[in-house]
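# Inside the fold
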Amino acid sequence: METRQKKGNLVFAVNGERFELPWVDPSITLLQFLRSETCFKSPKLGCGEGGCGACVVLVSKYDPKLKKVEDFSVSSCLTLLCSLNGHSITTSDGLGNSRDGFHSIHERFAGFHASQCGFCTPGMCMSFFSALVNAEKGNKPDPPPGFSKLTSSEAEKAIAGNLCRCTGYRPIADACKTFAADVDIEDLGFNSFWKKGDSKEMKVSKLPPYDPTKNICTYPEFLKSESATNLDSSRYPWYSPVSIEELQSLLNSNVTENGASFKLVVGNTGTGYYKETHRYDHYIDLRHVPELSIIKRDQTGIEVGATVTISKFISFLKEESKINFGSYGKLVSEKLAYHMEKIAGPFVRNSASVGGNLVMAQKNGFPSDIATLFLGLCATVSLMTSHGLEKLTWEELLSRPPLDSRTVLLSVCIPFKRDQSSPHTHSKFLFETYRAAPRPHGNALAYVNAAFQADVSLCKNGVLINNIQLAFGAYGTKHATRAKKVEECLAGKMLSVHVLYEALKSVKLAVVPEDGTSHPEYRSSLAVSYVFEFLYPLTDVPSAISVGLLDGINDISVEEVSESSKGRKQTLLSSSKQVVESSTEYYPVGEPMKKVGAAMQAAGEAVYVDDIPSPPNCLHGAFIYSTKPLASIKGIQLESNRLTDGVTDVITFKDIPSGGANVGSITPFGPNPLFADDLARCAGDRIAVVVADSQRSADVAARTALVEYDTANIGSPILTVEEAVEKSSFIQIPPSVYPKQVGDFSKGMAEAVHKILSAEIRLGSGYHFYMETQTALAIPDEDKCMVVYTSSQSPENAHRAIANCLGVPEHNIRVITRRVGGGFGGKQGGAMPISTACALAAYKLGRPVRIYVNRNTDMIVTGGRHPMKVTYSVGFKSSGKITALHLDILINAGITKDLSPIIPSYVIKSLKKYNWGALSFDVKLCKTNVTSKTIMRAPGDVQASYIAEVIIEHVSTLLSMEVDSVRNENLHTFESLNLFYDNIVADVGEYTLPSIMDKLAVSSSFFQRSKMLEQFNQKNTWKKRGISRVPILFEVTQSPTPGKVSILQDGSIVVEVGGIEIGQGLWTKVRQMTAYALGLIESSWAKDLVEKVRVIQADTLSVVQGGLTGASTTSESSCEAVRLCCNVLVERLTPLKKELQEQNGSVDWPTLIRQAQKQAVNLAANSYYVPESSSLRYLNFGAAVSEVEIDVLTGQTTILQSDIIYDCGQSLNPAVDMGQIEGAFIQGIGFFMNEEYLTNEDGLMVSNSTFTYKIPTIDTIPQNFNAHILNSGHHKNRVLSSKASGEPPLLLAASVHCATRAAVKAARDQLKLWGKLDWSVSEFYLDVPAILPVVKTQCGLDYVEKYLENLLAQKSN
Ligand SMILES: Cc1cc2nc3c(=O)[nH]c(=O)nc-3n(C[C@H](O)[C@H](O)[C@H](O)COP(=O)(O)OP(=O)(O)OC[C@H]3O[C@@H](n4cnc5c(N)ncnc54)[C@H](O)[C@@H]3O)c2cc1C
Ligand code: FES
Ligand code: FES
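All of the points below concern the structure found in this document.

### Regarding helix H35 (residues 1066-1078)
Compared with the 18 Å implied by 1.5 Å per residue over 13 residues, the 18 Å span of H35 between its first and last C-alpha is a close match. The element H35 is extensively covered by neighbouring structure, given that 13 of its 13 residues are classed as buried.

### Examining the nonpolar core
Grouped together as the largest cluster of nonpolar side chains are 276 residues, with contacts concentrated most on Phe313, Phe374, Phe472, Leu887, Trp916 and Leu1348. Leave out the neighbours within four places in its chain, and Leu887 touches Val870, Thr871, Tyr872, Leu911, Leu919, Ser920, Phe921, Asp922, Ile947 and Ile951. Val1057, Leu1078, Trp1085 and Val1095 belong to the second largest nonpolar core, which has 40 residues in total.

### Considerations on the packing of helix H19 (residues 520-535) against helix H44 (residues 1343-1356)
Relative to each other, H19 and H44 sit at 45°, their axes nearing to 9 Å. In this view, H19 runs oblique relative to H44, as classed from their interaxial angle. Listed contacts from H44 to Val528, Ser529 and Phe532 of H19 are Val1344, Glu1345, Tyr1347 and Leu1348. Grouping the amino acids of the contact of H19 with H44 by side-chain chemistry returns 5 nonpolar, 1 polar and 1 charged.

### Notes on the site of ligand 1
Lining the immediate surroundings of ligand 1 are 36 residues, of which Leu264, Thr269, Gly270, Ser353 and Asp369 lie closest. Contact between ligand 1 and Ala344: a nitrogen atom at 3.5 Å from a main-chain N or O atom of the residue. Asp369 has a polar backbone atom sitting 2.6 Å from an oxygen atom of ligand 1. For ligand 1, whose accessible area on its own is 980 Å², the fraction buried by protein is 95%. Of all the elements in the fold, those that place two or more residues in the shell around ligand 1 are strand S7 (262-265), helix H14 (354-364), helix H15 (369-376) and strand S13 (408-415). Broken down by element, the shell around ligand 1 gets its largest block of residues, 4 residues, from H14. For the shell around ligand 1, the per-class residue count stands at 20 nonpolar, 12 polar and 4 charged.

### Regarding the sheet that holds strand S18 (residues 575-580)
If you walk across this open sheet you meet the 5 strands as S18-S44-S43-S42-S36, and the pairing is mixed. Unpaired on one side and paired on the other, S18 and strand S36 (1023-1037) mark the two borders of the sheet. Geometrically, the sheet is characterised by an average inter-axis angle of 10° between neighbouring strands, direction not taken into account. Of the strand pairs in this sheet, S18 and strand S44 (residues 1264-1270) are connected by 6 bridges, and their pairing is parallel. Within the sheet, the bridge partner assigned to Val580 lies in S44 and is Ile1269.

### A word on the pairing of strand S35 (residues 918-927)
In terms of burial, S35 is a largely internal element, 7 of the 10 residues being buried. Two strands pair when backbone bridges link them, and strand S27 (residues 730-731) and S35 are joined in this way by 2 bridges, in the antiparallel orientation. By the bridge assignment for S35, Ile731 is matched with Leu925. Across 10 bridges, the pairing between strand S34 (residues 882-894) and S35 is parallel.

### Focus on the sheet that holds strand S17 (residues 481-482)
Pairing is antiparallel across the open sheet formed by 4 strands, whose spatial order is S14-S15-S16-S17. At either end of the open sheet lies a strand with only one pairing partner, and these are strand S14 (427-436) and S17. Taken together, the 10 bridges between S14 and strand S15 (residues 448-459) define a ladder with antiparallel strand orientation. By the bridge assignment, Thr433 is partnered in S15 with Ala451.

### Concerning the environment of Thr883
Structurally, the position occupied by Thr883 is in strand S34. Accessibility expressed as a relative area gives 5% for Thr883, which makes it buried. In this structure, the C-alpha to C-alpha distance between Thr883 and Phe12, residues 871 residues apart in sequence, is 73 Å.

So, how was this worked out
- Residues numbered from 1 in each chain as written.
- Chains lettered and ligands numbered in written order.
- Predicted model: local features only at pLDDT ≥ 70, side-chain atom pairs only at ≥ 80, totals over all residues.
- Heavy atoms only, no water.
- Helix = DSSP H or I, 4+ residues; strand = E, 2+ residues; numbered from the N terminus.
- Expected span 1.5 Å × (residues − 1).
- Buried < 20%, exposed > 50% of the residue type's maximum accessible area, 1.4 Å probe, protein only.
- Core = buried A, V, L, I, M, F, W, Y, C linked by side-chain atoms within 4.5 Å.
- Contact = heavy atoms within 4.5 Å.
- Axes fitted to C-alpha atoms, helices over the stretch in contact; angles between N-to-C directions.
- Parallel < 35°, antiparallel > 145°, perpendicular 65-115°, else oblique.
- Nonpolar A, V, L, I, M, F, W, Y, C, P; charged D, E, K, R; others polar.
- Near = heavy atom within 4 Å.
- Polar contact = N/O pair within 3.5 Å; in protein donor to acceptor, adjacent residues only side chain to side chain.
- Areas by Shrake-Rupley, 256 points an atom, 1.4 Å probe, with all protein chains shown as cover.
- Pairing = 2+ DSSP bridges.

Following this line, the structure appears as structure tokens:
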């Protein structure tokens, strides 16, 4: 029975369930409420910043007057619960689940293999569901049955703000596009629904049905009848004034007096950027004041209320741009809408207000886009201050001191210019906006944004600038500014190349970032590019006329410059193809089965550590870390008042029990400390854990804690590898893992005709960005025992570390890991300190303790990839054949060993991908005062494979040869391969790399495209293209792995393995292997057996010696361990089966197992797979061709196409392997092209948020993405002939970087043609990652000026 809302209570619905809360902390977010107070755990916490989309839910609001429901997605991590009075929330588990049936979105995600670790998937589903629900409301024509009204492009854009670190997005986009009415079903990728040869109709019919008429009811009927009254302010410190007068009197009332703190709030998304540590006494919600939510336009302009959301404003502008309301209004509306669609992701824009954005810009200097747009449009604002109402220009307001907390921004007016376009005056208004950002389609702050408008007249001799406004922002300035000097320099002038050239000089002087801003020169040069792009078309009157200056402003451009703006409007993925060569030899092994539990992951039902309900009395911890690289710790002061802020304790090394040790993690190379003792040894060193009654309280207390340091008499920290060498600070590399040299370097050098001596490469770090941050839960048990749940790739070592730290026998500890929300190596050594810290706190306090490390701390504390400095000398012949290579490699390992001693061997293994003739090296592991560097997918390998390519490119540059020829010249022969890899490949047929390279050249039309590209580059000045074909060779080693198979009474089967399901599909492969291996009793049973197998969580007391999950081989080793168990069971059961068959003529599996039970056959088997030396190591091969296009004006790189061929042997599951290949490739693109890992002068990681660390998104992956899994047949020493896929394909992404380098080279060649770069300057080095500033810098930050100088020189000749 529904109860009516008590007056003033907070009432809302979640998935149709009514919630009424008589009191609630007003600062609690929807996500915190859902995850801690309800059973709906599908929204996940990935960042808490609005930057990842893991927490997305659908919010629905009812308008009783219009009787309409409005549905929109929001980031629940930023949405305040109190703002949802009378609203309904739908989460992914509300769409469907395993009990009531999954939604077709879940099922299609599963069938398209679009969920790996699954942590991002519920948020993805909800972003997409929101688009789907809204599309159905539109008045587009009805789609064909089974489809929605969404278009393919809308389907892709729906998930544009969501991050996924595993899949590489392609399968997610495909799953979403299955709903689009305009999709060509033949274009959709590899999935488990369709068979080869299915017709289009069959394909549609096989998709899990979607019927829009049966869509979920997002707003329950009962809520409609409950009027959403204001919350009772005597109980909730939350006020929702409904008029200006009420707001005013509230601001003058005792709510805001007597020192009570209050906050004006709209969408609360500002807290994503400015982390809120302050607790407010009161909140004033501005959304119900009608004057603040207006949007209107008339002849004079547009007025937008401060609380209007960015999404609503965009929709309004889009509608507006369709109305022919004067060309100026139309132009402005169109440009503003287009620009603002790039602000954040849809789920942020849906609640973020225009006014909130402007206030953040005014008060806090936020690098806002809207502030710049409005400045460029000479907008005016209305304020309500304590003195009354005030109107002023936005520019005036920006120059005032930060607004006080009682001043309310009411609305903004964008004045329309009087439309003067007439054949008589030939006068026009131009308006354009610009932004270049790490991601072209949004969810990334701009390096510089700009909005320009000009009033120009077309005269006989050219274009006269009557008036011009140039606004720039976000470039490292307190607030957006007008470049007044440039405006003055241009106003009243007849535009010419010379005038423009002079104006651009003053742009560079006007747009100067403040000290401390990253890439300052790039930002200034970007401003120049924008002005050039805006005005250059007007310097050439005939062109300007021919492109329609007289007809309209929108398409004013000349061909060359417009290329870049067109490029920036491109849609996302244009096509993809997956080729899979599967085999039925070991059926069901080899089948592209969908991932176990994928639909469940999509629905958010899959349980991760933080989804385990907190036990009673549970406490929460957060790390305090050092911000100094080397300092004594004198004390820790909590800013908060312990009791009122819920803090229970601060745990340091002093709390380690006697008999225990300061051990946080254990690797094969020894233990590493949990806490800094009296001395912090790096910025990011863990000093303590604050334990409090909630995660939020713990986080706030840790964030605001003051650590007292003393640096006197300690010496200076070692921060670089050079300093480490100077001070001989090294970590020993055990001789057993130090790699071996090949051949005689001096002899090889003597054979060389050319030499490069002591060239240098530097590579920085990288962060794993697993979507689930580090987390653990420790629960004390009887007799000093402890059960610890952890998200770990190595529970066995976590177990040992905890026992060591607590000083208890290992049998006191039980560590359980069910699944990991992404690991990529970061949850080996990196996860253990979290579980150990939890266990220590739980041990001391005798209460359960959990830690869910927030994203910023996780990024700072966890370390990352190993930075390197490499100096190489190489000898080669004129043919390009390299005869000798020597490298001095300095690896920055950070402060502790972790797993660093194996990195040198990984580096050398992957470096050996070419035949260097002779290879010698000196590798040093430098011990420095930075966070311990750790394993990250393809650790050392990815750097080494890239180093090899740099050397090849260097050689080719000096010889002026095609890079591809030099690559070919140095590819291994079968003999040289075995020389370099110690006879690892037994059979010449197994060395598939040369044939892969040939095949790829054909399938990707490499040579034809290379030719076409030359022509493209000759014709285009502002866009340059490059293409590159790169081989990889990757050695892996198998590890001993345990397995356990138990058959239960009903014939269902439980499997335990050492390997952990981290998204890589291990459980799926193990399940297939179990069915195959038990199916050897009777092959016709194998198919049905698959469904009977359940792989369960790793429990360190149930299966011991689990080892660590990594190095790409754990799935196959786990499969082999299970096969060994099954062999034992088959041996036990086969005689009985024969007996039963003889007795009854036939027998089925359930009968066999029933009889086996009766006859006391042991139905459980254990194994420990220890690979023989012949099968221990092997090589993997693959190659990729990538083509890119760079925008010389901005440095933006677009990956036009990537083609991959990868040899999986006989894939155990091609669907899973395809996911690994595509996902690893995209992660590699992140390393090579996107992810800037920045530290301050103390070595503290400062790009520690989703705002600053940009992993690939759907708009940064190849537009054409083709992957081919090669089945290279039988491999006798492999697990059912299969080969690894987890890490090697990541290296293939070097092809994108190499192609970018080729494109940059084309830009530099252009400069040479203009005589602006000496032809003798052939060498240049393109940094990794090749982010926009890097690309533009190498193209020449003054490329535009040089272009104009060339023009001027031509004109004067
Ligand atoms: C992930 C993410 C990415 C983003 N990317 C971009 C981007 O690329 N470009 C860009 O321009 N912006 C970006 N933003 C900023 C975003 O536009 C703002 O966070 C948002 O517009 C703020 O609106 P809000 O309603 O959530 O404000 P709130 O968070 O509710 O408020 C923000 C601040 O303004 C005050 N305030 C709000 N309204 C008023 C008012 N009417 N009068 C006085 N004070 C007021 C509040 O007290 C608070 O101090 C991003 C934000 C996020 C979270
Ligand atoms: S957790 Fe909310 S957007 Fe990342
Ligand atoms: S499946 Fe997307 S983050 Fe793992």
